[in-house]
Amino acid sequence: MKFIPLAEEIGLIVPIGRWVLRTACAQNMAWQDQGLSPLSMAVNLSPRQFSDENLLRDIDDALAVTGMPPKLLQLEITESMVMSNIDRAITLLGAIRSRDIGLAIDDFGTGYSSMSLMKQFPIDTIKIDRSFVRNLPEDSQDKAIAQAIISMGKALGMTVVAEGVETAEQDQFLRDQECDEIQGFLYSKPVPPEAIPSLLLLPIASAPPIQPMSSPALAIVNKPRRQRVR
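Conventions adopted
- Residues numbered from 1 in each chain as written.
- Predicted model: local features only at pLDDT ≥ 70, side-chain atom pairs only at ≥ 80, totals over all residues.
- Heavy atoms only, no water.
- Helix = DSSP H or I, 4+ residues; strand = E, 2+ residues; numbered from the N terminus.
- Buried < 20%, exposed > 50% of the residue type's maximum accessible area, 1.4 Å probe, protein only.
- Contact = heavy atoms within 4.5 Å.
- Areas by Shrake-Rupley, 256 points an atom, 1.4 Å probe, with all protein chains shown as cover.
- Polar contact = N/O pair within 3.5 Å; in protein donor to acceptor, adjacent residues only side chain to side chain.
- pLDDT = per-residue confidence, 0-100.
- Core = buried A, V, L, I, M, F, W, Y, C linked by side-chain atoms within 4.5 Å.
- Axes fitted to C-alpha atoms, helices over the stretch in contact; angles between N-to-C directions.
- Parallel < 35°, antiparallel > 145°, perpendicular 65-115°, else oblique.
- Left-handed = near helix turned anticlockwise from the far one by under 90°.
- Nonpolar A, V, L, I, M, F, W, Y, C, P; charged D, E, K, R; others polar.
- Pairing = 2+ DSSP bridges.
- Right-handed = clockwise from strand over helix to strand, strands pointing away.

1. Brief notes about the overall build of the protein
Scanning the protein for helices and strands turns up 10 helices and eight strands. Within the protein, buried positions represent 46% of all 230 residues. Partitioning the contacts of the protein with sequence separation of at least 6, the portion at a separation of at least 24 is 64%. Surface exposure of the protein reaches about 11700 Å², of which carbon and sulfur atoms provide 54%.

Spelled out as structure tokens, the structure:
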């Protein structure tokens, strides 16, 4: 809560983000070397990274050095990042998408984007912010918001992911609404890289309990026929 905002403020988040991107791609290839099927690796971009003029070069370098196919990478951005300079965002996102890299809007619903603008961005995935998931299915307003986001995402041909799912009741409501993917502690808390293979090679319901790390790590998103690591 303190480290990342400070790194963002003083500019160190750019080299940190560059290291995270390369490390994530390298880890993905290492898991494949261990026998896992190819995974979609989602990596968050910070606002400073998104505005950095060398972002495309850093993405290309990370993929070239690690050998990870671009189609296995998904970059996560927020609504506020694309709204700060819409023309630049459209151009930059188009360049990223032309590389066969996926794009996701993280924490969707908390920004100020309009539906007419969302159509202009080459986005593959929208992620429902956890603030709209926390009180499901009891809160009628959150139910309406979640249903609206899921319907909109499907109408635009996007994958819809629900963040912060922690209870079976939340999970069942989202499944009933045909939400594409579920992310949250209900499936797994963050775990170290070496724990991922055993977690993914077993059916998610029978995976053994794993003690979470005290530092930020990885969260699992579960979807039939596809697995993603974040």
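We are not done yet, so read on.
2. Details of the side chain of Thr66
Positionally, Thr66 belongs in helix H4 (residues 55-66). A residue is classified by how much of its surface remains accessible, and Thr66, at 16% relative accessible area, is buried. Among the polar contacts listed, one links the side chain of Thr66 to the backbone oxygen of Ala62, at a separation of 2.7 Å. With residues near it in sequence (within four places) discarded, Thr66 still touches Arg22, Cys25, Ala26 and Met29.

3. Considering the confidence of the model for the protein
Taken residue by residue, the protein gives an average pLDDT of 86. The fraction at 70 or more is 85%. When pLDDT is averaged over each element of the protein, H4 comes out on top at 98 and strand S7 (residues 220-223) at the bottom at 40.

4. A look at the nonpolar core
Grouped together as the largest cluster of nonpolar side chains are 55 residues, with contacts concentrated most on Phe50, Ile59, Leu73, Leu75, Ile126 and Leu174. The dominant element in this core, judged by the number of residues it contributes, is helix H2 (residues 13-33), at five residues. Setting aside residues up to four positions removed in sequence, Ile59 forms contacts with Leu21, Leu73, Leu75, Ile96 and Ile101.

5. A short note on unusual backbone geometry
Here Leu136 and Pro137 are connected by a cis peptide whose omega angle stands at -5°. Tracing the backbone through its elements, the reader meets Pro137 in the loop between strand S4 (125-128) and helix H8 (140-155). Of note, the phi angle at Asp107 is positive, near 55°, even though the residue is not glycine. Positionally, Asp107 belongs in strand S3 (residues 102-108). The exposure class of Asp107 is partly exposed, given its relative accessible area of 26%. Phi is positive for Glu178, which is not a glycine, with a value near 65°. With respect to the helices and strands, the residue Glu178 is situated in the loop between helix H9 (168-176) and strand S6 (181-183). When its relative accessible area of 55% is taken as the criterion, Glu178 is described as exposed.

6. Some remarks on the environment of Lys127
Take Lys127: it is sitting in strand S4. With 34 residues separating them along the chain, Lys127 and Val161 place their C-alpha atoms 4.5 Å apart.

7. A word on the environment of Gln34
Here Gln34 lies in the loop between H2 and strand S1 (40-44). A relative accessible area of 54% means that Gln34 is categorised as exposed. Residues Gln34 and Pro197, 163 residues apart in the sequence, show an inter-C-alpha distance of 7.9 Å.

8. Re the packing of H2 against H4
Running from amino to carboxyl end, H2 crosses H4 at an angle of 30°, the nearest separation of the two axes being 9 Å. Relative to H4, the element H2 is oriented roughly parallel. You can see that H2 and H4 cross each other, and the crossing is right-handed. Of H4, the residues touching H2 (which contributes Arg18, Leu21, Arg22, Cys25, Ala26 and Met29) are Asp58, Ile59, Asp61, Ala62, Leu63, Val65 and Thr66. Partitioned by chemical class, the residues of the contact of H2 with H4 number eight nonpolar, one polar and four charged.

9. Here's the deal with the pairing of S4
The alternating pattern of S4 places Thr125 and Lys127 and Ile126 and Ile128 on opposite faces, both of which are buried. Inspection of the sheet shows S3 paired to S4 by three bridges, in the parallel sense. The residue bridging Phe108 from the neighbouring strand is Ile128, located in S4. Note that the unit made of S4, H8 and strand S5 (residues 159-162) has a crossover that is right-handed.

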